[in-house]
Amino acid sequence: MFYHVKELQFNARVSKPDPAFATLLLEQFGGANGELKAALQYFTQAFAAKQVHPDKYDLLMDIATEEFSHLEIVGATIQMLLKGVHGDLKNAAEESEIMELLKGKASKEGFIHNAMVNPQFFNLSGGGPTLSDSNGNPWTSAYVTANGDLSVDLRSNIAAESRAKIVYEYLLQHTNDPHVKDTLRFLMTREVAHFQMFQAALETIEPNFPPGVLQSDPKYSNKYFNLSNGEDVRGPWNEGKSPELGETWEYISDPIEHVRKTKGMTEGHKKTSRDPKEVEKMNKELSKKKFEEIKKAMPKGEAQWSKY
């Protein structure tokens, strides 16, 4: 059950109209990394977590709801940045403001330029925010990822918060309005807070690597293929031990020769520290554990979502 409180979570303010920046800010209203995407992503993911991970369901629903409040903040800021546009366009009978602009060639060209670069506001929505990105591309549910496995979804959310944070960081460079900057810094900071919440939640799920249930095949999990020409670059991603599985990386400097020599990776595998039989045993044990975990969480008989 949602209950709308008319006051914003953060008191968004604007010093003066700025339709151009309002257009850029649409990225966080109806863009791929925006607040609506985040709200609906976490909202959708929460359903699969309800029975098995009720604590994570609570987390996802709380953050999803906060993201809706952030969408409201962004929408309100966009509307304030468009102060005057809505009224001017509605003054169709007199066309006073527009006629003033058309008195001089420079003014006329300036108005036409605004209408061209901000068509959502000047020609389509009548001066209100639209569910589109800054290029006018409509919002789509394809932005939302929900895989039904919490270890996967939480990693996706950590990445989503990272992308949203960096967009706010970029947006801060395109406005000089101190009030707008305050709003953007608040929203950016909440992305960092959510990042940490999702990361902490992921760490409470054991095991959470690899994502899902099945372990990776030791025949292929430690190989690094040098698939680019030029100087070889080495680092902890292709030398030493892998961070999660603790296997020694096998650096394959000539991938073509390796594939030919192993007949398409079907022969000649070097043994790693992981025993294939042990991996298969872990697959069965974890599969059974996850199955029983979900089965146990499902209510018997009539199902109901809430307890009153």
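Here we summarise the structure given alongside this text. (Residues numbered from 1 in each chain as written. Predicted model: local features only at pLDDT ≥ 70, side-chain atom pairs only at ≥ 80, totals over all residues. Heavy atoms only, no water.)

**Concerning the nonpolar core**
- One finds Leu25, Ile78 and Leu184 to be the most contacted residues of the largest nonpolar core, which totals 23 residues.
- Listed by contribution, the elements that provide at least two residues to this core are helix 1 (19-25), helix 4 (54-81), helix 9 (150-171) and helix 10 (178-203).
- Those residues within four positions of Leu25 in sequence are excluded, and the remaining contacts are Val74, Thr77, Ile78, Leu81, Leu171 and Leu184.
- Counting residues in each nonpolar core, the second largest holds 18 residues, with Ala38, Ala64, Leu150 and Ile158 among its members. (Core = buried A, V, L, I, M, F, W, Y, C linked by side-chain atoms within 4.5 Å. Buried < 20%, exposed > 50% of the residue type's maximum accessible area, 1.4 Å probe, protein only. Helix = DSSP H or I, 4+ residues; strand = E, 2+ residues; numbered from the N terminus. Contact = heavy atoms within 4.5 Å.)

**Focus on the packing of aromatic side chains**
- Taken as a whole and judged by the stated rule, the model has nine aromatic pairs.
- Judged by centre distance (6.1 Å) and plane angle (90 degrees), the rings of Phe2 and Phe68 are edge-to-face. With Phe2 in the segment before helix 1 and Phe68 in helix 4, this pair connects stretches of sequence that are 66 residues apart.
- Judged by centre distance (5.6 Å) and plane angle (10 degrees), the ring pair of Tyr224 and Tyr251 falls under stacked. Residue Tyr224 is found in strand 1 (residues 223-225), and its partner Tyr251 is found in strand 2 (residues 250-252); the two are separated by 27 residues along the sequence.
- The exposure class of Tyr251 is buried, given its relative accessible area of 18%.
- Directly above the aromatic system of Tyr251 lies the positively charged group of Arg234, at a separation of 3.8 Å from the ring centroid. (Phe/Tyr/Trp six-rings, centres within 6.5 Å; stacked < 30°, edge-to-face > 60°. Lys NZ or Arg CZ within 6 Å of the ring centre and 35° of its normal.)

**A short note on the packing of helix 4 against helix 10**
- The contact between helix 4 and helix 10 brings their axes to 11 Å, and the two run at 165 degrees. Judged by the angle between their axes, helix 4 and helix 10 are roughly antiparallel. For the pair helix 4 and helix 10, the crossing hand works out as left-handed. Contacts from Lys56, Leu59, Leu60, Ile63, Glu66, Glu67, His70, Ile73, Val74, Thr77 and Leu81 in helix 4 reach Val180, Thr183, Phe186, Leu187, Arg190, Glu191, His194, Met197, Phe198 and Ala201 in helix 10.
- Among the residues making up the contact of helix 4 with helix 10, the classes are represented as twelve nonpolar, four polar and five charged. (Axes fitted to C-alpha atoms, helices over the stretch in contact; angles between N-to-C directions. Parallel < 35°, antiparallel > 145°, perpendicular 65-115°, else oblique. Left-handed = near helix turned anticlockwise from the far one by under 90°. Nonpolar A, V, L, I, M, F, W, Y, C, P; charged D, E, K, R; others polar.)

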